[in-house]
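# Architecture at a glance
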Amino acid sequence: MEVMKPLIDEQNSDVSDEERENNFLPVEKHYQLDSEEGITFIQTLTHLLKGNIGTGLLGLPLAIKNAGIVVGPVSLVLIGIISIHCMHILVRCSHCLCQRLKKSSLGYSDTVCYAMEVGPLTALQKRSSWGRYIVDFFLVITQLGFCSVYVVFLAENVKQVHEGFLEDKTASINVTVTNNSSEKRSTDLRIYMLCFLPFMILLVFIRDLKSLSFLSLLANLSMAVSLVIIYQYIVRDIADPRKLPPMVGWKKYPLFFGTAVFAFEGIGVVLPLENRMKDTTRFPLALNIGMGIVMTLYISLATLGYLRFGDDIKGSITLNLPQDQWLYQSVKILYSFGIFVTYSIQFYVPAEILIPAATSRVEQKWKLPCELVVRALLVCSTCAVAVLIPRLDLVISLVGAVSSSTLALILPPLVEILTFYKENLRLWTILKDVFIAVFGVVGFLTGTYVTIEEIIYPASTVLANTTESISAVLNATDLVVGLK
């Protein structure tokens, strides 16, 4: 969650202004950190941690439920290893292409573009610019998807805090009145989303991310404190793992895949960080250590969270925390504040890609109003997706299956084959890359299909709600009979 500033076509600094005007290209996401000097090993490590830890972490316990207490953690380790390997592939391909093309640095989209240009297929060489557009497209989808996830997360957590406050307020009244009051005061989740909309629009009107530096620091601290409190709660009462299913049916596994890939959301910051590091030879070590810490955090919270709450686990583990204790209510507030600030940072990438194209044909005096309108419409689009799909787990799984799998699993191995095909690639390397790409494509297709099916026909949700309603009626009947 670091404040980063995209640069436009940084790698093409040797091109004249004339050529730049004649060859208009999409905005390249080179993230320049606040300092003009290179960043140190520790700073790189810190940025890697910030770039990978977000709402995906809190949704992993439910992902384990969709895979099983044995299959889930094992699969999470495998997906993590593959994702880290793909990050290394991307860095190696970028280095190789920089040396061949005499470039100082390349971002993700340019790496894909030039890999297609030097590849063996004439059809790909002629359409190499498509590689840049493909990466830009999925980056926009990914980042706006993250923003939609944040809207749902904010609404669900604030709704719980608000309802918990109302319950405390009516605690002195008798049980019947309290129950009736809770029902009357229960507000639809979508109302909370719409309440956040004007504040998010105002937030993204801040065009210079340096203005958010202090808020970003506070957000990082609040999320770190929240995670510590969450850990100390879930380790108190761990259930027997033998009571939980070791493996769930394959019907639910694609939902796990989407959430797991969504969690490893940091591939977009790998090349920018490597390009900004003082000693780039130490970047692979920083990547291994940083992602090792991230994987440890993911697996521990995912497994312990599922062990603690079992089948009652929700889309975000914060929603399982007690509503009658303000320490745990404060966790939801603190993490929500961190996510609210992060919204503007995640929003910056799609804004820098889409806004120049939208304002390129507008007169100078209308450029700023036009930009603000585009920003507001983009925020409204993320809110609209959240309103249409008001389930945190499904939004996470859909974004992970569609866009995160493409950027993190499908493109890097294909880029490696295109980049190094002239260097007599070993057979096992080709087979490995093909396997990873096919794995990503299968996850993309099945994850998208199952998630969309769950959105359109939420049978499991309806069944669960029906069961809960029947149980509640039976419990109420038993209580009345007992009182009589």
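Residues numbered from 1 in each chain as written. Predicted model: local features only at pLDDT ≥ 70, side-chain atom pairs only at ≥ 80, totals over all residues. Heavy atoms only, no water.

Orientation of helix α4 (residues 71-101) relative to helix α5 (residues 108-118), taken along the N-to-C sense of each, is 65°, at an axis distance of 10 Å. The handedness of the crossing between α4 and α5 comes out as left-handed. For the pair α4 and α5, the contacting residues are Leu-90, Cys-93, Ser-94, Leu-97, Arg-100 and Leu-101 in the first and Tyr-108, Thr-111, Tyr-114, Ala-115 and Val-118 in the second. Taken together, the residues of the contact of α4 with α5 sort by class into eight nonpolar, two polar and one charged. (Axes fitted to C-alpha atoms, helices over the stretch in contact; angles between N-to-C directions. Helix = DSSP H or I, 4+ residues; strand = E, 2+ residues; numbered from the N terminus. Left-handed = near helix turned anticlockwise from the far one by under 90°. Contact = heavy atoms within 4.5 Å. Nonpolar A, V, L, I, M, F, W, Y, C, P; charged D, E, K, R; others polar.)

For the rest of this paragraph, the subject is a nonpolar patch on the surface. Together, Phe-214, Leu-215, Leu-217, Leu-218, Leu-221 and Phe-337 line one region of the surface with nonpolar side chains, adding up to about 540 Å² of accessible area. Per element, the largest residue contribution to the nonpolar patch is five residues, and it comes from helix α10 (residues 213-234). (Patch = residues over 30% accessible without salt bridge, like charges linked within 9 Å, V, L, I, M, F, W, Y side chains within 5 Å. Areas by Shrake-Rupley, 256 points an atom, 1.4 Å probe, with all protein chains shown as cover. Salt bridge = Lys/Arg side-chain N within 4 Å of Asp/Glu carboxyl O.)

Contact geometry for helix α16 (residues 392-420) and helix α17 (residues 427-456): axes closest at 8 Å, N-to-C directions at 165°. Relative to α17, the element α16 is oriented roughly antiparallel. As α16 packs across α17, the resulting crossing turns out to be left-handed. Across the contact of α16 with α17, the residue classes break down as 18 nonpolar, nine polar and four charged. (Parallel < 35°, antiparallel > 145°, perpendicular 65-115°, else oblique.)

Another point: the pattern of salt bridges. Tallying each qualifying case throughout the model produces 12 salt bridges. Arg-132 is paired through a salt bridge with Asp-110; the nearest N and O atoms lie 2.3 Å apart. A residue pair is termed long-range when its members are at least 10 positions apart, and Arg-132 in helix α7 (residues 129-169) and Asp-110 in helix α5 qualify at 22 residues. Exposure remark for Arg-132: the relative accessible area of 5% places this residue in the buried category. Its salt-bridge partner being Arg-375, residue Glu-371 comes within 3.1 Å of it at the nearest N-O pair. (Buried < 20%, exposed > 50% of the residue type's maximum accessible area, 1.4 Å probe, protein only.)

What follows deals with unusual backbone geometry. In this model, Lys-102 sits at a positive phi of 60°, which is unusual for a non-glycine residue. On the secondary structure map, Lys-102 appears in the loop between α4 and α5.

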